[in-house]
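The primary structure of each chain is shown beneath.
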Amino acid sequence: MDESVLDRLADEIRAFGLSVTELPAGELKDCGRRMQFVAPTGHTFELYATKEQTGKWGVSNVNPEAWPRDLKGMKATRFDHCLLYGDDLEGNLILFRDVLGFDLAEQVVDPDNNRVALFLTVSMKAHDVAFIKHPEKNKFHHASFYLDTWQDVLQAADLISMTDTSIDIGPTRHGLTHGQTIYFFDPSGNRNEVFAGGDYHYPDHEPVTWQADSLGKAIFYHDRQLNERFLTVVT
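Residues numbered from 1 in each chain as written. Predicted model: local features only at pLDDT ≥ 70, side-chain atom pairs only at ≥ 80, totals over all residues. Heavy atoms only, no water.

**A few points about helix α1 (residues 3–16)**
Phase 1: The terminal C-alpha atoms of α1, which comprises 14 residues, lie 20 Å apart, in line with the 20 Å expected from a rise of 1.5 Å per residue.
Phase 2: All of the buried residues along α1 are Leu6, Leu9, Ala10 and Ile13. Along the axis of α1, the buried positions cluster into a sector of 105°, meaning they face one direction only.
Phase 3: Of the surrounding secondary structure, the elements contacted by the buried residues of α1 are β2 (34–38), β3 (44–48) and α2 (89–99).
Phase 4: With its phi angle positive at about 115°, Gly17 sits one or two positions after the end of α1. (Helix = DSSP H or I, 4+ residues; strand = E, 2+ residues; numbered from the N terminus. Expected span 1.5 Å × (residues − 1). Buried < 20%, exposed > 50% of the residue type's maximum accessible area, 1.4 Å probe, protein only. Arc of directions from axis to C-beta. Contact = heavy atoms within 4.5 Å.)

**What to know about the environment of Ala130**
Phase 1: You can see Ala130 is positioned in strand β7 (residues 129–133).
Phase 2: On the basis of relative accessible area, Ala130 is assigned to the buried category, the value being 1%.
Phase 3: A sequence separation of 112 residues divides Ala130 from Leu18, and the C-alpha atoms of the two residues are 20 Å apart.
Phase 4: Not counting residues up to four positions away in its chain, the partners in contact with Ala130 are Cys82, Leu83, Leu84, Leu118 and Phe119.

**Section: the environment of Lys75**
Phase 1: With respect to the helices, strands and loops of the structure, Lys75 is situated in the loop between β3 and β4 (78–86).
Phase 2: Judged by its relative accessible area of 41%, Lys75 falls in the partly exposed class.
Phase 3: In the structure, Lys75 is positioned 73 residues away from Asp148 in sequence and 8.8 Å away in space, judged by C-alpha atoms.

**A look at the side chain of His127**
Phase 1: Relative to the assigned elements, His127 resides in the loop between β6 (115–121) and β7.
Phase 2: Given the relative accessible area of 7%, His127 is considered buried.
Phase 3: At 3.2 Å, the side chain of His127 forms a polar contact with the side chain of His81.
Phase 4: When sequence neighbours within four positions are dropped, the list of residues in contact with His127 reads Asp80, His81, Phe119, Leu120, Thr121 and Thr177. (Polar contact = N/O pair within 3.5 Å; in protein donor to acceptor, adjacent residues only side chain to side chain.)

Everything listed here is a matter of geometry and, on its own, says nothing about what the molecule does.
What follows is the structure, encoded as structure tokens:
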């Protein structure tokens, strides 16, 4: 995306009916100007076109080594996605799909075929952002960070126990996206995830649909049981 595309998207968001605030370059370190708006679910998003590049997760873009030598802890290689809770899922679907160019990769529907969860991607990843139906606007469920292998997820679980970090669920596998995962809480009470694997998405794929009565298997494929805290604790 370049600066002209940023302006075009800002105009299209305004045409959709949302206010857009332009934030100046440099206000956020190493970032150009940003276009800020509030989605129908109440969450604030920003778009930008110019950002200082730092290379591929800590190795050079020229003759890169296999991996960074100074990784510590869980050794996450990138921020991957976030899951947000809010009320107007259909409004978000129209905005993200029809204005911002995301694909609907997976969804959960209730017995009346109403969408209660959206998994949206603008890349080949299983999802870049997801939304779950919730009566309140602007709620945060988790931020997710990518690990290379299932073995790395198990090591993350060891570190969680070794540091007495509050765990939510896992290690286990999702049915949705098929990622291998563990969830835990940071000292501020926000939920985080590290995961490995997961599906790829191609633009010609039809959305994968899960029915709400299979939600246990969709979220926790092995246990097939819903953790009530996983569904209700948001920040």
